[in-house]
Amino acid sequence: MAKAVVLYSGGLDSSLALGIVKKWGIEIYALHISHKFISSQQLPTIDGLKTVDVTDEFAKIVQEPEYGYGKNLNPCIDCRILMLNKAKDYMKKIEADFVVTGEVLEQRPMSQRLDTLLLIEKRAGLEGLVVRPLSGALLPPTIPETKGLIDRKNMLKIKGKSRRLSLEIAKTMNVVDFFSPSGGCLLTDPGFCRRLADMLRSQEEISVRDIELLKIGRHFRIASDAKLIVGRNEGENTVIEEIVDESHFLLCVPDTGSPSALLHGDKKYMKVAAAITARYSDRKKEPKVEVHCKQKGKTTTIVVEPVDDEDLNKWRI
Ligand code: SF4
């Protein structure tokens, strides 16, 4: 029996591709590539699913993608090359015959054009070894087809952005457990990308902690070397309090409803940071507000006037 690694995201297309190839009688090894730029969702249960986290490698790609960005800061071509590279490693390890993806020809303008699909598999060292069952009948024959491991007649001809046909086929095959297309990659979210672009301008490396902080709070660029993140709710306040380390200041207004705020920058910015924190506390209408700024276990108290909205918008990212 032929063996295949199926790149599985949990979405409609890869779920359908997996279901189709399974129906062909191929032995399936599902592989999920995860990174912190994808909003976390509970993956459907798949037998033997293997997950590989590529956050560190991917963060470097996001900073300087060889093939550039899509509409936002999504480096889809470089990302797909990385994913196929991981699939190739797994394929070699388990001595599988080919890799399967749920890619649909021309579904995305940058990474799913015919020339790009072929470029991506070539750059990943998988030329002719990537089977795309949803669009396979519209693509050049692959090595598994010419070897007779799979039958080209079984390939589908899905093309373009509409998911209607994929959804119909999924229904007939009883493939029902998949994510909605609205979830997914934060690098296609304009708000997240605005904050990320600011980070890329101001620091050379991005850590996992930086990515987690980009996902939460209101962000303010106080100076080229100072940034403030203000929690929007209890959950975000807790994340900020957990993430804060000795290089940060943790600010809050005591004895009232207050956000937790994290200042990344020198103490000379503490007053501005405190004025912004006060603006989001329940004392925002008071002329003078006491704010606690904590670093390395030591708390300093400063009294500030809450910042007005005009000033606030100058710093907002
Ligand atoms: S949308 Fe995000 S996860 Fe998907 S290929 Fe593009 S960069 Fe990668």
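Since we're looking at a predicted model, the values are computed, not measured.

Parameters at a glance
- Residues numbered from 1 in each chain as written.
- Predicted model: local features only at pLDDT ≥ 70, side-chain atom pairs only at ≥ 80, totals over all residues.
- Helix = DSSP H or I, 4+ residues; strand = E, 2+ residues; numbered from the N terminus.
- Buried ≥ 20, exposed ≤ 12 C-beta atoms within 10 Å, placed from the backbone.
- Contact = placed C-beta atoms within 7 Å.
- Core = buried A, V, L, I, M, F, W, Y, C linked by C-beta atoms within 7 Å.
- Domains from an automatic or database assignment.
- Arc of directions from axis to C-beta.
- Pairing = 2+ DSSP bridges.
- Axes fitted to C-alpha atoms, helices over the stretch in contact; angles between N-to-C directions.
- Parallel < 35°, antiparallel > 145°, perpendicular 65-115°, else oblique.
- Left-handed = near helix turned anticlockwise from the far one by under 90°.
- Nonpolar A, V, L, I, M, F, W, Y, C, P; charged D, E, K, R; others polar.

Visitor: Any details on the overall build of the chain? Residues and values, ideally.
Guide: Looking only at helices and strands, the chain features eleven helices and eleven strands. Based on the C-alpha atoms only, the size of the chain along its principal axes is roughly 75 × 35 × 35 Å. Looking at the chain residue by residue over its 317 residues, the buried ones come to 39%. The long-range fraction of contacts in the chain, counting pairs at least 24 apart against all pairs at least 6 apart in sequence, stands at 60%.

Visitor: Give a description of the nonpolar core that names residues and reports values.
Guide: Within the largest apolar cluster, 82 residues are counted, with the highest numbers of intra-cluster contacts made by A4, V6, V99 and A273. The leading source of residues in this core is helix α3 (residues 76-94), at nine residues. Lining this core are residues from two domains, each supplying at least three of them: domain 1 (3-183) and domain 2 (216-315).

Visitor: Let's hear about helix α4 (residues 114-123): which residues, and what values?
Guide: Considered for burial, the residues of α4 that qualify are L117, I120 and E121. End-on view of α4: buried residues confined to an arc of 95 degrees, all on one side of the axis. In this fold, the buried residues of α4 make contact with α3 and β5 (130-131). G125 sits one or two positions beyond α4 and adopts a positive phi of about 75 degrees.

Visitor: Summarise the environment of K296; cite the residues concerned and give the values.
Guide: Of note, K296 is situated in the loop between β10 (289-295) and β11 (298-304). On the neighbour-count criterion, K296 (9 C-beta atoms within 10 Å) is exposed.

Visitor: Go over the sheet that holds strand β3 (residues 50-53) with me, naming the residues and quoting the values.
Guide: Sheet architecture is open: five strands sit in the order β3-β2-β1-β4-β5, paired in parallel fashion. The open sheet terminates on both sides in strands that have one partner only, identified here as β3 and β5. Pairing geometry for strand β1 (residues 3-7) and strand β4 (residues 98-100), over three bridges, is parallel. Opposite V6, over in β4, you have V100 as the bridge partner. Most of the contacts of helix α1 (residues 12-23) go to β1, to which it runs at about 165 degrees, and overall it touches β1, β2 (27-34) and β4.

Visitor: Tell me what's going on with the packing of α1 against helix α6 (residues 164-172), and back it up with residues and numbers.
Guide: Put simply, α1 and α6 touch, their axes get as near as 10 Å, and they point 45 degrees apart. Taken together, the axis directions place α1 and α6 in an arrangement best described as oblique. Where α1 crosses over α6, the handedness of that crossing is left-handed. Packed against α1, whose contacting residues are L12, D13 and L16, the element α6 presents S166, L167, I169 and A170 at the interface.

Visitor: Break down the domain arrangement of the chain for me, with residues and values.
Guide: Per the domain assignment, the segments making up the chain are domain 1 (3-183) and domain 2 (216-315). A separation of 43 Å is found between the C-alpha centroids of domain 1 and domain 2.

Visitor: Tell me what's going on with the sheet that holds β10, and back it up with residues and numbers.
Guide: If you walk across this open sheet you meet the six strands as β6-β7-β9-β8-β10-β11, and the pairing is antiparallel. Bordering the open sheet on either side are β6 (218-223) and β11, each of which pairs with just one other strand. On average, each strand axis in the sheet is tilted by 25 degrees relative to the strand beside it, whichever way the strands run.

Visitor: Account for the packing of α3 against α4, with residues named and values stated.
Guide: As a packed pair, α3 and α4 sit with axes 8 Å apart at the nearest point and diverge in direction by 45 degrees. In this view, α3 runs oblique relative to α4, as classed from their interaxial angle. In the crossing of α3 with α4, the sense of the turn from one axis to the other is right-handed. Contacts between α3 and α4 involve I77, R80, I81 and L84 from the first element and T116, I120, E121 and R123 from the second. Tallied by class, residues from the contact of α3 with α4 come to four nonpolar, one polar and three charged.

Visitor: Before we move on, can you summarise the pairing of β10 with the specific residues and values?
Guide: Here strand β8 (residues 249-252) pairs with β10 via three bridges, running antiparallel. Residue pairing across strands places L251 opposite C293, the latter belonging to β10. Bridge analysis of β10 against β11 gives seven bridges, and the strand direction is antiparallel. Bridge pairing links H292 to T301 in β11. Here β10 folds back onto β11 in antiparallel fashion, the turn holding two residues, of which K296 has a positive phi close to 50 degrees.

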